[in-house]
Each structure stands twice: as C-alpha cells, then as structure tokens.
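Inside the fold
Listed below, chain by chain, are the residues.
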Amino acid sequence: MSDWLDLCRAAVGDVKDVLAALPTRADREPVVGAGLGGDDTTAIDAGAERVILERLAGHGTIVSEEVGRTGEGRPLIVVDPIDGSVNAKRGIPFFSLSIAVADGETMDDVEFGYVYDFGAHEEWTAERGRGAFLNGEPLDGAGPKPELEILSFEATVTSLIAQQAPHVAELAHRIRVMGSLALSLCHLAAGRVDGVVSLKPARSVDIAAAQLLVRERGIPIDLFDDPPFGRAPLDLEGRSRVVAAGTSEVCQKLANALSA
C-alpha cells in the first residue's frame, strides 16, 4: 500500500495549497454550487475536491462528496476532501482529508484508509488485516475505556444536541462536539475518547477511511438505523446514524438511548 500512501500524502499537499490560496473566511465560505451529497458546495469544498480529483484521476473509480461518482474500474476510492468543512471555513483547526480505497462496493471491502488532520498535522492510516497507525507508528496502546468517560457527538446542530444529550446523561460523563466525524473516529481508535455517535445520518464518504482504523483496533462500530455495518454501500445514497464504542454492549446502550 506504499503507493497509496504516497498518493495520499501528495493529495494533502494539494489541499494545503488550496488552503493557502483561500486564507480567510471570506475566501472560503461563499457558496459556489450544490453537491450531489445534498449540501451546499462552498469555495473551500470545491477547491479541495478539484485538486483531489486531479490527483486521483486514472487510479480507479472515485466517489466524492460534491461530484458523486466519476472514473472507472477498480479500486473504488471514497473521498471526503474536507471533513469538517464548517471548521475549515471558520479557521478552526479540526478538519481532515479522508480517503478510503476498496476492492468492492461495501464497507467490508475497504482495504486502505487514510485520514489527515490539518490542525494537528497527524496522519492516520489503516490496512485491512494489518492494523491501524498514527504517524506511521502502530496504534497498539490502550483503547477506549469500557465506561463512557468522554463521548463525542458528531454531525450536530444545536437542536439535536439539546434533544439527545439528556438521553445519554446516565451513560456518558462528558460530551465533546468537535466537528469532524472522521477525526472523532480516529480519536476513538487511539483511545482519546470512549465513544462516537453521529446524531444525524452519515454518508460513506464521512466514515469509509476512519472506520477501518476503528475496526482494525477491534472496536465495535455500527449503523444503528441500517445495520449491518459491513454491508453498507460505498455511495452517496446510503445514510445512517453511526455508533462506535469500546464494547458492543455500550454501542447497543447508546443506540437504544438515541432511538427512544
């Protein structure tokens, strides 16, 4: 997978160039269109996706947040050029590039995952059957705690937090709302948080890369609106809330609480 790692690192450089060319909120947040994923496409989204598509052209079929599906052949490359785009637009240093490489059409087929944190400059990678890594070093330390000392909420608006936080008050001691689902899942893989929940339905581009780090660490993850996780399609149509935690029992408790 060294070729893919080199390609992903080159893509990081491409996105950094876009960020440098659009340094301010006024540069980054103008809406320039609508993506096939259903969200507004801003200048920063469009710029990052443009350079990523150029970098990955000819390497397989690409599924990306704004343009949908393009290219042909295998592998399938699932891309979120800016995960945490609200943070990126506002200059909050917690957003990422997410690239997953798959030999089929489902989550079980993802064989390589890459997430780059533009704020902390951390590189998260995973290879199917070979483990998860942070900056090239194996993630083999302590994982999430069995109890939820810290639970990350993602894909959030204030109304959802207000509605759902009381349902987990007896399960989680503290809540973090960081703004990038991919990075929150990476933090779960490293044991920095003890659970992650997406309060609104997520798409494959949001999680395809980071979920491989979680699964390579043996951490349970599921789509509690549309299980099982492994059969989830790598497209822009499938959407489900995501739950991940240190044990299957905690995942189920969270899913039950948020489905009440």
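Here goes a summary of the coordinates provided. Bear in mind the structure is a predicted one, so any value in this text is a computation, not a measurement.

With that settled, the discussion passes to the overall build of the protein chain. Along the protein chain, the regular secondary structure elements total nine helices and 15 strands. A compact globule built from 260 residues would reach a C-alpha radius of gyration of about 18 Å, and the protein chain, at 17 Å, matches this within 12%. Judged by the C-alpha coordinates and their principal axes, the protein chain covers about 45 × 40 × 30 Å. Buried positions account for 54% of the 260 residues belonging to the protein chain.

This structure, assessed with the given rule, holds two aromatic pairs. Centroid distance phenylalanine 95 to phenylalanine 118: 5.5 Å. Interplanar angle 20°. Geometry classified as stacked. Residue phenylalanine 95 is located in the loop between helix H4 (85-90) and strand S6 (96-102), and its partner phenylalanine 118 is located in the loop between strand S7 (110-117) and strand S8 (122-127); the two are separated by 23 residues in the primary sequence. Ring centres of tyrosine 116 and phenylalanine 118 lie 5.1 Å apart, and the angle between their planes is 75°; on these two criteria the pair is classed as edge-to-face. For the residue pair tyrosine 116 and phenylalanine 118, the accessibility class agrees, reading buried in each case. Ring pairing ties together the aromatic residues Phe95, Tyr116 and Phe118, which thus form one cluster.

As summarised here, the arrangement of the five strands in space is S12-S11-S13-S15-S14, forming an open sheet in which the pairing is mixed. Looking at strand neighbours, the two that pair on one side only are strand S12 (172-177) and strand S14 (221-223), the edges of this open sheet. Averaged over all adjacent pairs, the angle separating strand axes in this sheet is 20°, with direction ignored. The pairing of S14 with strand S15 (residues 242-245) spans three bridges and is classified as antiparallel. For isoleucine 221, the partnering residue across the bridge sits in S15 and is alanine 244. Sheet strands touched by helix H6 (residues 181-189): strand S11 (148-154), strand S13 (195-198), S14 and S15. Its angle to S13, the strand with the most contacts, is close to 160°. Helix H9 (residues 248-259) rests against S11, S13 and S15 of the sheet, and its axis sits at about 145° to S15.

Neither face of S13 is left uncovered, since the one carrying Gly195 and Val197 and the one carrying Val196 and Ser198 both have all their residues buried. As judged from the four bridges shared by S11 and S13, these two strands associate in the parallel manner. Bridge pairing links phenylalanine 153 to valine 197 in S13. Relative to S15, S13 is paired through three bridges, and the arrangement is antiparallel. Opposite valine 197, over in S15, you have valine 243 as the bridge partner.

A separate point is the nonpolar core. A general feature of soluble globular proteins is that nonpolar side chains tend to end up buried together. Counting 43 residues, the largest nonpolar core has Val115, Trp124, Leu139, Leu185, Ile207, Leu213 and Leu234 as the members making the most contacts within it. Beyond its immediate sequence surroundings of up to four residues, leucine 213 is in contact with Trp124, Thr125, Ala126, Ala132, Phe133, Leu139, Cys186 and Ala189. Listed in part, the 29 residues of the second largest apolar core include Val12, Val18, Leu53 and Phe95.

So, on to the sheet that holds strand S4 (residues 68-71). Read across the sheet, eight strands follow the order S4-S3-S5-S6-S7-S8-S9-S10 without closing on themselves; strand pairing throughout is mixed. Each edge of the sheet is formed by a strand with only one pairing partner; in this case those strands are S4 and strand S10 (137-138). Along the sheet face, helix H3 (residues 43-56) touches strand S3 (61-64), S4, strand S5 (76-83) and S6 and points at about 150° away from the line of S5. Sitting on the sheet, H6 is in contact with S5, S6, S7 and S8, with an inclination near 105° to S7.

What counts, and at which threshold
- Residues numbered from 1 in each chain as written.
- Predicted model: local features only at pLDDT ≥ 70, side-chain atom pairs only at ≥ 80, totals over all residues.
- Heavy atoms only, no water.
- Helix = DSSP H or I, 4+ residues; strand = E, 2+ residues; numbered from the N terminus.
- Rg over C-alpha atoms; globule rule 2.2 N^0.38 Å.
- Buried < 20%, exposed > 50% of the residue type's maximum accessible area, 1.4 Å probe, protein only.
- Phe/Tyr/Trp six-rings, centres within 6.5 Å; stacked < 30°, edge-to-face > 60°.
- Pairing = 2+ DSSP bridges.
- Axes fitted to C-alpha atoms, helices over the stretch in contact; angles between N-to-C directions.
- Contact = heavy atoms within 4.5 Å.
- Core = buried A, V, L, I, M, F, W, Y, C linked by side-chain atoms within 4.5 Å.

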